[in-house]
Each structure stands twice: as C-alpha cells, then as structure tokens.
Amino acid sequence: MIKPLEGFTVLDFSQFLAGPFASLRLADLGAQVIKVERPGTGDAYRSNYGPALKIRGDNGAYYYVNRDKESVSVDLKDAAQREKLRPLLEQADAMIVNFRPEVTKRLHLDYESVKAINPGIVYGQITGYGEDNAWKDKPGQDLLVQCATGACDLNGSGTEPIPFGVAVADEFSGMYLAQGLMAGLYHKQITGEGCKIDTSLAEAMLDIEFENFGTFLNSGRKMLPRSKVNGVNPCHGAPYGIYATQDGYLALAMTSVPNLGRLLGCEAITHYTNKMDWFDCQDEIKLELKNHLATNTTAHWLEILEAADIWCAQVYNWDQLLETEGFRALDMIQTVKQDDELSYETTRCPIKIDQTYLKSERSAPNIGEQNKKYNME
C-alpha cells in the first residue's frame, strides 16, 4: 500500500513529546521524518526517565514515539554546524520546532529565517502558551499546562485538583500540529506556497475541555460541581461514574436513574424521577448505588445491565485487557526491530486505510545514525 504522505520530507527539531508525537503520526502516514538531535546526548527525552523501562540505556518511551524516523546530529549553537543543515532545509517539505520562541530565533530557526532558505516550507511550531502570550517564558511542560488551563479542576471527587494520568497536553497538541501540517502540505500542493502552522499545549487543553469550559462560559461563569462520590465528568449527573463491586469495578454511563434502580433491585433510587435530581442529588444517588453494587460481582451486574442495553462496562486493568477478545481484535500491538539483538512491543498507528493497519517494523534511530547519508560528518 502506498501511504498518503510518501514522498514528503519532514525535518523534526523538536524534543520530548509534543513535537515528536506530531512527527510520529506523519511518519506513520508515510512521510520521511529526519530528527535533528544534539551530538552526544541527542533528544533530551532519551535521558528523561525514572523507574520506567530503559532500552539500550535510553528512556523506553523515546523509542515508542520516535519509531520509523531517521536521525542526524548537529550542534545548532554552532553556525558552521547549522550550515550543514542547509541542503536539508532547502529540500524539506515541512519542519517542526518546539523550542521557546526566543531560542528558535537565536538558532536562526524561526519562520522568517527558514522561509528565506525555503519559501515553500510548511513550518510547524508548538509552544507552551503561544509566541506572544504573557506566559510565553513559562515552561511549557504537560503537568504545568494542565494546571494552568483548569483541566485539573475537572477530575476526581471533591475539590482537590487532580491531573490526568497521561500527558494529554503534549499528545493533543501534537495531534493538532499534525493536522495543521497535513492541511499545510495540501495547501502547498495546490498553490505551491508554504505557510506557518502554530499551536500550543494551552490551546490544545482548552479545546479538549470544550464541554465543561463551554458550559462555564455560558452559564454566568458558574463551575459545574464535581460529585463527591465517584466523580468523573461534571457535565454528567448520576449514575455516571465507577463503582466497586464484590470482585472488581463497574462503570455506568448515562441512563435513567429510576429504571436503573428497578433493574438492579436498588429501591432507594427508584424515586428520583425528575431528571434534574440526577444532577442536584447526584451524591445521594451515587452513594446508594455504591453501597448496593458492592453486594455482588461485576459479572452479575453486567449480565443484568447488558441484557437491558444499559451503557455499562467492566473496568479492566492492562493484564485483564490483554486477555479480552475485543482487545485482540484491535490488533493494537506491533513489534518494532532495530537490529537482530533488539526488538520491542509498542502500539501501532490507530488509523486504518483501505482496511489496512499502518504498521512499521523500523525502530527509533541511534543519535546521528544518518549523518553519513546526509553529509553531516
């Protein structure tokens, strides 16, 4: 299968997660992605690890997000070294940076400098808060941006702010940049003109908060209260949440509270027939459900609820997930190889084209692995 972006070349100057997440998706779709790393240490994400798995001494997550890419090593602070990149800059279709704006300018990698070399470049930039923002000098780190954009006020029960368990600001901003770059490449194909694509971690977070944030903006700046019992999404009242059973956990989504009470034999909640009570009295309803669902197993409740077409699910951990037929049918795991001595498992691209999954067996590159190929030595 010919992938949609085959024939396009992308220079990726970004580090850590947001920019590389964008270039990973472009690589999955067929683009040739060349990482530009510092000599010796490479992308800082290589050494950004704690107890997580290491692969050949590097952070394992670096390998997952940089598979199917090439690498050249260049000291960007050295003008002579930067000059070696000129042929690649002249020929590239697109590029990605995620330095702070003042660093990008100091390295002569800002849009105007690059456009003077390659007027048709599709230039992609991710920042923490935007180039002209009063917060532009603040560190654009995932947890900090989650906190700055109000996202942590949505999670959990009670009032304590709780961050997401995955790097959502990095990953969503990376996805948005990939979308913008693909639109820019299409524009270039039609008009022959390049363009600059900008997004930020803050904008990505505010966009994905649209459901709750929009409600806040249009209801007199009133925050929807988080449930003190099994709090999930403040936009949804009872029974929305996760409940412990005798042997595990059960998730309940939107459904009629009195109907649910009758099905489960939970008489105490059958009297909440007014839908507004499902919001105003959600803690009372959820507490009754919490106590009732703890009296039997997850399988018992699922048998009753699924037969009645109630939106519900067993809560799996990853060990349990791997044993399910549903997960196996998704075929989400691929084995990636670097050489005869190294292979590892990771997720595949979640996109299917013409009934074909987009998979790649090529690992993340060594630092400067393609230096000779691109005359960087």
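Structure shown above.
Just so it is clear, the model here is predicted, and its values are computed rather than measured. (Residues numbered from 1 in each chain as written. Predicted model: local features only at pLDDT ≥ 70, side-chain atom pairs only at ≥ 80, totals over all residues. Heavy atoms only, no water.)

**Focus: the nonpolar core**
Of all hydrophobic cores here, the largest spans 30 residues; its most connected members are Leu 26 and Leu 181. Contributing elements (two or more residues each) for this core: α1 (18–28), β6 (94–97), β7 (122–127), α8 (168–191), β8 (195–200) and α9 (201–208). Beyond its immediate sequence surroundings of up to four residues, Leu 26 is in contact with Leu 5, Val 10, Ala 31, Ile 96, Ala 178, Leu 181 and Met 182. One finds Leu 85, Leu 88, Val 97 and Leu 109 within the second-largest nonpolar core, a separate group that totals 22 residues. (Core = buried A, V, L, I, M, F, W, Y, C linked by side-chain atoms within 4.5 Å. Buried < 20%, exposed > 50% of the residue type's maximum accessible area, 1.4 Å probe, protein only. Helix = DSSP H or I, 4+ residues; strand = E, 2+ residues; numbered from the N terminus. Contact = heavy atoms within 4.5 Å.)

**Observations concerning α9**
Since one α-helical turn is 3.6 residues long, residues separated by three or four positions face the same way. Taken as a whole, α9 has its buried residues at Leu 201, Ala 202, Ala 204 and Met 205. Summarising the axial view, the buried residues of α9 lie within an arc of 165°, below the 170-degree limit, and thus occupy one face. Elements that come into contact with the buried residues of α9 comprise α1, β7, α7 (142–148), α8 and β8. (Arc of directions from axis to C-beta.)

**Some points on the packing of α8 against α9**
Direction vectors running N to C along α8 and α9 enclose 95°, while the axes themselves pass 8 Å from each other. Taken together, the axes of α8 and α9 lie roughly perpendicular to each other. Contact residues: α8 offers Val 168, Ala 169, Asp 170, Phe 172, Ser 173 and Tyr 176, while α9 offers Leu 201, Ala 204, Met 205, Asp 207 and Ile 208. Along the lines of polarity and charge, the residues of the contact of α8 with α9 split into eight nonpolar, one polar and two charged. (Axes fitted to C-alpha atoms, helices over the stretch in contact; angles between N-to-C directions. Parallel < 35°, antiparallel > 145°, perpendicular 65-115°, else oblique. Nonpolar A, V, L, I, M, F, W, Y, C, P; charged D, E, K, R; others polar.)

**Some remarks on the pattern of salt bridges**
Oppositely charged side chains are able to pair whenever their charged atoms sit close together. Counting across every chain of the model gives 13 salt bridges. As a salt-bridge pair, Asp 43 and Lys 35 come within 3.1 Å of each other at their nearest N and O atoms. As far as the burial class goes, Asp 43 and Lys 35 line up, both buried. Here the salt bridges share partners, and the residues they tie into one network are Arg 25, Asp 28 and Arg 67. (Salt bridge = Lys/Arg side-chain N within 4 Å of Asp/Glu carboxyl O.)

**Description of the pairing of strand β12 (residues 333–339)**
Where β12 meets strand β13 (residues 342–347), six bridges bridge the pair, whose relative direction is antiparallel. What sits directly across from Lys 337, in β13, is Ser 343. Linking β12 back to β13 in an antiparallel pair, the connection comprises two residues. (Pairing = 2+ DSSP bridges.)

**Remarks on the side chain of Thr 9**
Position of Thr 9 among the secondary structure elements: in strand β1 (residues 9–12). We classify Thr 9 as buried; its relative accessible area is 16%.

**Concerning the packing of aromatic side chains**
Taken as a whole and assessed by the stated rule, the structure comprises eight aromatic pairs. On the numbers, 5.8 Å between centres and 80° between planes, the contact of Tyr 62 with Tyr 63 is edge-to-face. Accessibility assignment for this pair places Tyr 62 and Tyr 63 in one class, buried. Feature note: the residues Tyr 62, Tyr 63, Tyr 64 and Tyr 344 constitute an aromatic cluster, connected by ring pairs. (Phe/Tyr/Trp six-rings, centres within 6.5 Å; stacked < 30°, edge-to-face > 60°.)

**Brief notes about the sheet that holds strand β10 (residues 249–252)**
Read across the open sheet, the three strands follow the order β9-β10-β11; overall the sheet is antiparallel. For this open sheet the edge positions go to β9 (241–244) and β11 (312–314), each flanked by a neighbour on one side alone. Taken over all neighbouring pairs, the strand axes of this sheet differ in orientation by 25° on average, direction set aside. Where β9 meets β10, four bridges bridge the pair, whose relative direction is antiparallel. Among the inter-strand pairings, Ile 242 is bridged to a residue of β10, identified as Ala 251.

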